[in-house]
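# Structural description and commentary
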Amino acid sequence: MSIKREIERLRAELPAGVKLLAVSKFHPVEALREAYDAGQRAFGESRPQELKAKQAVLPDDIEWHMIGHLQTNKVKYIAPYVHLIESLDSERLAEAIEKEAAKCDRTIDCLLEIHVTAEESKSGWDYARLKEFVQGGGFDAMPHIRLRGVMGMATFTDDETTVRGDFQRLKECFDELKKYFGAEFDTLSMGMSDDYPIAIEYGTTEVRIGSTIFGAREY
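Residues numbered from 1 in each chain as written. Predicted model: local features only at pLDDT ≥ 70, side-chain atom pairs only at ≥ 80, totals over all residues. Heavy atoms only, no water.

### What about the pattern of salt bridges?
- On inspection of all chains with the given rule, the structure shows 19 salt bridges.
- Put simply, E45 and K54 hold a salt bridge, and the shortest N to O gap is 2.8 Å. Each member of the pair E45 and K54 is classed as buried.
- Put simply, E91 and R129 hold a salt bridge, and the shortest N to O gap is 2.3 Å. Of this pair, E91 sits in helix α5 (residues 91-103) while R129 sits in helix α6 (residues 127-135); the two residues are 38 residues apart in sequence, bridging distant segments of the chain.
- Owing to a relative accessible area of 25%, E91 belongs among the partly exposed residues under this scheme.
- Taking relative accessible area as the criterion, R129 reaches 32% and is therefore assigned partly exposed.
- A single salt-bridge network, built from bridges that share partners, covers D109, R146, R148, E184 and D186. (Salt bridge = Lys/Arg side-chain N within 4 Å of Asp/Glu carboxyl O. Buried < 20%, exposed > 50% of the residue type's maximum accessible area, 1.4 Å probe, protein only. Helix = DSSP H or I, 4+ residues; strand = E, 2+ residues; numbered from the N terminus.)

Here's what the structure looks like:
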């Protein structure tokens, strides 16, 4: 398969205003370089050490997005250069990001990962708890975090009705939270290789595409 051809096809297919994030986790540097040469600049990784290793050898103008579950003790590996942490899923993680961002004298952009499925294996805030934290001013004491929007995953299922329900719920959460954070809260990241056309119907602004671009992962 041609990475360049898939990227060009996706770019042509995605509506204006929908960003393509190439999910490059577990794929070798050579594959990322091929995508880069095709004009792709935003890449999503799920392991801080892997992200750090790739960042060290690839061009400086790449936007690195952290999309996997992030342990608090691993924030330090990516805080100096990460473009967007999409998997902010707890108060403890927010506190760790704030601390490491302050050390780097940076403001780190983050998305709030919200759990909307019945699958316990998926991470993310319980929305009621998140809303309580937001309304209580929990982020007011974190000047080195800039909240840019919401990220989430739909249930892994062939039942399209369930997937639509999950995306609808994420869009509702995004719309409600936007009232607290204003114009900069502009990113709704949902939709992956199997379900991104449905996510587009529900207003996603970023799709996270891995296997369609790079093929099966090399674990």
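That shown, we press on.
### A word on the pairing of strand β8 (residues 206-209)
- Where burial is concerned, the two faces of β8 agree: the one with E206 and R208 and the one with V207 and I209 are both buried.
- As paired strands, strand β1 (residues 19-23) and β8 are joined by 4 bridges and run parallel to one another. Considered in β8, the bridge of K19 is made with E206. (Pairing = 2+ DSSP bridges.)

### A look at the environment of M66
- Along the chain, the position of M66 falls in strand β3 (residues 63-66).
- For M66, the contacting residues outside a window of four places in its chain are E45, S46, R47, P48, L51, I78, V82, L84, I85, E86 and S87. (Contact = heavy atoms within 4.5 Å.)

### Focus on the packing of aromatic side chains
- Scanning the model with the defined rule gives 7 aromatic pairs in all.
- Summarising the aromatic geometry, the rings of F139 and F181 are spaced 6.4 Å apart at their centres and angled 75° between planes, so their arrangement reads as edge-to-face. Here F139 is found in the loop between α6 and β6 (145-151), whereas its partner F181 is found in helix α7 (residues 160-181), with 42 residues between them in sequence.
- Using a relative accessible area of 9% as the deciding quantity, one classes F139 as buried.
- Through pairs of rings, three or more aromatic residues link up here, namely W125, F133, F139, F174, F181 and F185. (Phe/Tyr/Trp six-rings, centres within 6.5 Å; stacked < 30°, edge-to-face > 60°.)

### Topic: the side chain of T187
- Locating T187 in the fold gives a position in strand β7 (residues 187-189).
- On the basis of relative accessible area, T187 is assigned to the buried category, the value being 15%.

### Topic: the environment of A141
- Position of A141 relative to the elements: it lies in the loop between α6 and β6.
- Sequence spacing of A141 and E95 is 46 residues, and the spatial spacing of their C-alpha atoms is 9.5 Å.

### Observations regarding the side chain of S87
- Within the secondary structure layout, S87 lies in strand β4 (residues 84-88).
- A distance of 2.6 Å separates the side chain of S87 from the backbone oxygen of G68, its partner in a polar contact.
- For S87, the residues in contact, after removing those within four places along its chain, are M66, I67, G68, L70, L93, L111, E113 and M151. (Polar contact = N/O pair within 3.5 Å; in protein donor to acceptor, adjacent residues only side chain to side chain.)

### With respect to empty space enclosed by the protein
- Under the definition given, this model contains 1 cavity of 30 Å³ or more.
- Size it by volume and the largest cavity reaches roughly 30 Å³.
- Grouping the constituent residues of the lining of the largest cavity by class yields 3 nonpolar, 4 polar and 2 charged. (1 Å grid on protein atoms, 1.4 Å probe; cavity = no way out; pocket = protein on both sides within 12 Å on 5 of 7 lines; lining within 4 Å. Points joined across faces, edges and corners; volume = space filled by probe spheres on them. Nonpolar A, V, L, I, M, F, W, Y, C, P; charged D, E, K, R; others polar.)

### Overview of the nonpolar core
- Counting 63 residues, the largest nonpolar core has L88 and F139 as the members making the most contacts within it.
- With residues up to four places along the chain from it excluded, the contact list for L88 reads L93, A94, I97, C110, L111, L112, E113, W125, F139 and L147. (Core = buried A, V, L, I, M, F, W, Y, C linked by side-chain atoms within 4.5 Å.)

### A closer look at the packing of helix α1 (residues 3-13) against helix α2 (residues 29-37)
- Their axes nearest at 9 Å, the elements α1 and α2 cross at an angle of 50°. One finds that α1 runs oblique with respect to α2. The handedness of the crossing between α1 and α2 comes out as right-handed. Across the interface between the two elements, I3, K4 and I7 of α1 pack against A31, E34 and A35 of α2.
- When grouped by side-chain class, the residues that make up the contact of α1 with α2 number 4 nonpolar, no polar and 2 charged. (Axes fitted to C-alpha atoms, helices over the stretch in contact; angles between N-to-C directions. Parallel < 35°, antiparallel > 145°, perpendicular 65-115°, else oblique. Left-handed = near helix turned anticlockwise from the far one by under 90°.)

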